[in-house]
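# Geometric and topological summary
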Amino acid sequence: MKRKTLTQYLVEQQRAEQALEPEVRLLIEVVSRACKTISHAVSKGALGGVLGSLESENVQGEVQKKLDVMSNEVLLEANEWGGHLAAMASEEMETIHLIPNRYPKGEFLLLFDPLDGSSNIDVNVSIGTIFSVLRAPSEVSGREVTEQDFLQKGTTQVCAGYAVYGPQTMLILTIGRGVVGFTLDREMGSWILTHDNMTIPEDTKEFAINMSNMRHWAPPMRRYIDECLAGKTGPRGKDFNMRWIASMVADVHRLLVRGGVFMYPWDAREPGKPGKLRLMYEANPMSMLVEQAGGAATDGHQRILDIQPTALHQRVGVVLGSKNEVERVTKYHHEG
Ligand code: P6P
């Protein structure tokens, strides 16, 4: 049977009982096209003159890779003319990006990490683009959008997804009706539906964490990992495997495909910060995907999607994936 394309999937969702709004469909199609452009540039690598770093730093104080800046530009240019957005926000930009006056303004807000895991670019390891869509407050039609308009809980996301640039380029998407995955057919330039119902097993034997930070973790995280490392003869009664790609998109994709638990917890290296990852355009979209796939996502203490944001680039601890493991880690944190 002929496989569905992204367009066919979106048209069918528009016809469904809870019709997908046309502007959201347009938004997803525009973002997916931008991700194709980014995938093409990433795949060229050294041949495209896009490897290496720039002299600049982003708002996070991280050295920017050429592809970070290029990906950011691609997403801005692709989305600003369509009339579906009121504004955009990016990991690579300190302030929000307003829609130029020459274009119509829409009712949605797009947030993205244009190229997550960019430390892996020069060593040819999978990286990705993460995006989150919010509805702008209705009054923005009569005033300029502000950063405050973006500060909405993750539960208000209209849709979320990521593109992973790996051996295959894939687009993983949720519009609140489960999680679907599309594989890029490079010859046709089409996103083909290859994973029509991605679900995360409630149990797993695989955890993902940067073990080099172990001495800096809070005791509950240390307790959880020590128990995993104790294996079959320990309190968990089973052996665990470990993976760490240092590319959130790739690590989350693995657990969406075969289960697992991903953790980037608070650690004592920067005690004033709750974690390394960003709430608005990393943790929230990934948490929506994980919950829609039957998993769970907390900051170690509370559901990530329930966190009321206070700043656009705020960071958060992240524990997400197989439900029973996330609940165990969170339970240990509550026990202190
Ligand atoms: P570390 C990439 O820079 C990133 O933001 C996530 O994609 C990834 O999970 C994490 O940081 C890796 O951090 O400290 O292991 O390099």
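None of these values were measured; they are calculated from a predicted model.

### Here we look at the sheet that holds strand β15 (residues 296-298)
As summarised here, the arrangement of the five strands in space is β12-β11-β13-β17-β15, forming an open sheet in which the pairing is mixed. Each having just a single partner strand, β12 (241-242) and β15 make up the two edges of the open sheet. Pairing of strand β11 (residues 206-208) with β12, which is carried by two bridges, proceeds in the parallel orientation. Its bridge partner lying in β12, Glu206 is registered against Asn241. Packed onto the sheet, helix α5 (residues 248-258) meets β11, β13 (261-264) and β17 (318-321) and runs at close to 35° relative to β17. Together, β15 and β17 form the strand contacts of helix α6 (residues 279-292), whose direction differs from that of β17 by roughly 25°.

### Describing the layout of surface pockets
If you add up the space inside the largest pocket, you get close to 410 Å³. Lining the largest pocket are 26 residues, and of these Asp116, Gly117, Ser119, Ala246 and Lys276 sit closest to its centre. At the level of secondary structure, the elements contributing two or more residues to the lining of the largest pocket comprise β2 (63-65), β5 (108-116), α5, β13 and β14 (277-278). Grouping the constituent residues of the lining of the largest pocket by class yields eight nonpolar, seven polar and eleven charged. Both domains that meet at the lining of the largest pocket, namely domain 1 (6-195) and domain 2 (206-335), each give it at least three residues.

### Description of the packing of aromatic side chains
Counted according to the given criterion, the structure contains four aromatic pairs. Aromatic pair Phe207 and Phe240: ring centres 6.4 Å apart, planes at 50°, arrangement tilted. Here Phe240 lies in the loop between α4 (219-230) and β12 and Phe207 lies in strand β11, a separation of 33 residues in the sequence. Overall, the relative accessible area of 16% leaves Phe240 in the buried class. Ring geometry for Trp244 and Tyr264: centres 5.9 Å apart, planes at 55°, overall tilted. Of this pair, Trp244 sits in the loop between β12 and α5 while Tyr264 is found in strand β13, placing the two residues 20 residues apart along the sequence. A relative accessible area of 23% places Trp244 in the partly exposed class.

### Considerations on the domain arrangement of the chain
Examined at the domain level, the chain breaks down into domain 1 (6-195) and domain 2 (206-335). Listed by partner, the interface residues are 49 residues for domain 1 and 32 residues for domain 2. Summing both partners gives a buried area of about 2900 Å² for domain 1 against domain 2, and 63% of it is carried by carbon and sulfur. Interface area lost by domain 1 to domain 2 is led by Leu151, Lys153 and Tyr162, which between them contribute 20%. Put simply, Arg278 and Glu91 hold a salt bridge, and the shortest N to O gap is 3.1 Å. Taken together, the links from domain 1 to domain 2 amount to 16 residue pairs in polar contact (both at pLDDT 80 or more). Of all the secondary-structure elements, those providing two or more residues to the side of domain 1 that touches domain 2 are β3 (85-90), β5, β6 (127-135), β7 (159-165) and β8 (169-174). In terms of residue count, β6 provides more of the side of domain 1 that touches domain 2 than any other element does, seven residues in total.

### Digging into the site of the ligand
Around the ligand, a shell composed of 13 residues is seen, among which Asp116, Asn210, Trp244, Met248 and Tyr264 lie nearest. Measuring from an oxygen atom of the ligand, one finds a side-chain N or O atom of Asp116 at 2.9 Å. For the ligand, the protein covers 84% of the area, taking 390 Å² as the surface of the free molecule. The cavity where the ligand resides is the largest pocket. Classifying every residue of the shell around the ligand by side-chain character gives six nonpolar, three polar and four charged.

### Some points on the sheet that holds strand β4 (residues 97-98)
Strand order in the open sheet made by the eight strands is β4-β3-β5-β6-β7-β8-β9-β10, with mixed pairing throughout. Of all the strands in the sheet, the pair left with one neighbour each is β4 and β10 (190-195). Bridge count between β3 and β4: two bridges; the pairing is antiparallel. Note on β4: the bridge partner recorded for Met88 is His97. Of the strands in this sheet, β8, β9 (180-185) and β10 touch helix α1 (residues 6-15), which is tilted by about 5° from β8. Against the sheet, α5 touches β5, β6, β7 and β8, its axis set at about 105° to β7.

### What about the packing of helix α2 (residues 22-44) against helix α3 (residues 66-79)?
In the contact formed by α2 and α3, the axes pass within 9 Å of each other and the chain directions differ by 150°. One finds that α2 runs roughly antiparallel with respect to α3. Read as a crossing pair, α2 and α3 show a hand that is right-handed. In this structure, α2 uses Leu27, Val30, Val31, Ala34, Thr37, Ile38, Ala41 and Val42 to contact α3, whose residues at the interface are Leu67, Met70, Ser71, Val74, Leu75, Ala78 and Asn79. Classifying every residue of the contact of α2 with α3 by side-chain character gives twelve nonpolar, three polar and no charged.

What counts, and where the lines are drawn
Residues numbered from 1 in each chain as written. Predicted model: local features only at pLDDT ≥ 70, side-chain atom pairs only at ≥ 80, totals over all residues. Heavy atoms only, no water. Pairing = 2+ DSSP bridges. Helix = DSSP H or I, 4+ residues; strand = E, 2+ residues; numbered from the N terminus. Contact = heavy atoms within 4.5 Å. Axes fitted to C-alpha atoms, helices over the stretch in contact; angles between N-to-C directions. 1 Å grid on protein atoms, 1.4 Å probe; cavity = no way out; pocket = protein on both sides within 12 Å on 5 of 7 lines; lining within 4 Å. Points joined across faces, edges and corners; volume = space filled by probe spheres on them. Nonpolar A, V, L, I, M, F, W, Y, C, P; charged D, E, K, R; others polar. Domains from an automatic or database assignment. Phe/Tyr/Trp six-rings, centres within 6.5 Å; stacked < 30°, edge-to-face > 60°. Buried < 20%, exposed > 50% of the residue type's maximum accessible area, 1.4 Å probe, protein only. Buried area = accessible area lost by both parts, 1.4 Å probe. Salt bridge = Lys/Arg side-chain N within 4 Å of Asp/Glu carboxyl O. Polar contact = N/O pair within 3.5 Å; in protein donor to acceptor, adjacent residues only side chain to side chain. Near = heavy atom within 4 Å. Areas by Shrake-Rupley, 256 points an atom, 1.4 Å probe, with all protein chains shown as cover. Sits in = over half its atoms within 2 Å of the grid points. Parallel < 35°, antiparallel > 145°, perpendicular 65-115°, else oblique. Left-handed = near helix turned anticlockwise from the far one by under 90°.

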